Amino acid sequence: MEKILTNLVLLRSSPSDLALAPAVSPEALNAIANQLRRPQLRDQGTMAPGQPIRLIGVRDQLSVELQDRRIAIEDESDHLPYSPRFWDLVHHVVVTLQADFRPFGFNFEVAMDHPDMTSGALLSRTLGAARLSSLAARPVSVGSSTVQIPSVTSTDLPYTWTFTIEPRFDDPYAEKTYVKGNAHFDMSFALELANSASIDIFAEFSSITHKILELGEGE
């Protein structure tokens, strides 16, 4: 599998934080930039509502987008979604801003190569709703060119996730298939637990995608 990107969105956790969100100081921006390799500031000035600031790490392919109520951290390197580098940056940004941010959305995308079978054939021959539901032990939604696999709802887990499988560029003749993972955290979920949750989510994702490829090879 080829990792395409990882993205984490964090929100301020209380209404009072939302109402009193301060601008980001030059000192805080500098501290965050120092965690990136060859940093560049895409938007000049201090942060104001509706005017995000985006810091880019050119060498490590990491970026941090700052708004008064929201942080988005993205990794376009080939590191896996649970890599320590990514989560160390997340922690450093939140500590530097000295505000109570909580994880809200965790997203990643990978590409699966299958040179002996087109993406359309993989979907149609191995991803039938009944067959995959049995494989994944959960309900599956099949569209014209996509398959969606949801997590099993559980009161024990403060998050839910969905995996979406689709051909590259919606082309059924492509020999590469994209799989996107999207997780939503309950706002009571502590940031310190998000890294371990990402490992669990990606492990589930890896298990399902490997079984899908095995089904394709078995046809």
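Residues numbered from 1 in each chain as written. Predicted model: local features only at pLDDT ≥ 70, side-chain atom pairs only at ≥ 80, totals over all residues. Heavy atoms only, no water.

A.B. asks: Help me understand the packing of aromatic side chains in this model?
C.D. replies: Pairs of aromatic rings are described using the distance from one ring centre to the other and the angle between the two planes. Counting across every chain of the model gives 13 aromatic pairs. Taking 5.2 Å as the distance between ring centres and 65° as the angle between the ring planes, the aromatic pair formed by F108 and F202 counts as edge-to-face. Taken together, the residues span a long stretch of sequence, with F108 in strand 6 (residues 101-113) and F202 in helix 6 (residues 194-218) at a distance of 94 residues. By relative accessible area, which is 5% here, F202 ends up buried. Aromatic pair F202 and F205: ring centres 5.1 Å apart, planes at 35°, arrangement tilted. Of this pair, F202 and F205 both sit in helix 6, three residues apart, which is roughly one turn of the helix. Of the two residues, F202 and F205, both sit in the buried class. (Phe/Tyr/Trp six-rings, centres within 6.5 Å; stacked < 30°, edge-to-face > 60°. Helix = DSSP H or I, 4+ residues; strand = E, 2+ residues; numbered from the N terminus. Buried < 20%, exposed > 50% of the residue type's maximum accessible area, 1.4 Å probe, protein only.)

A.B. asks: Whenever I open this one, the nonpolar core confuses me. Can you help?
C.D. replies: Most often, soluble globular proteins have nonpolar side chains that are buried together. Grouped together as the largest cluster of nonpolar side chains are 51 residues, with contacts concentrated most on L10, L66, I71, I73, V93 and L97. Of the residues forming this core, the biggest block, eight residues, is contributed by helix 6. With near-sequence residues (within four places) excluded, L97 lies in contact with V24, A28, I32, L66 and I71. (Core = buried A, V, L, I, M, F, W, Y, C linked by side-chain atoms within 4.5 Å. Contact = heavy atoms within 4.5 Å.)

A.B. asks: Would you mind showing me how to read the confidence of the model for the chain here?
C.D. replies: Detailed conclusions should not be drawn from predicted coordinates in areas where pLDDT is low. When pLDDT is averaged across the chain, the result is 79; 79% of the residues are at 70 or more. Segment residues 16-21: pLDDT under 50, and six contacts once partners within four positions in sequence are set aside and those in other chains are kept. (pLDDT = per-residue confidence, 0-100.)

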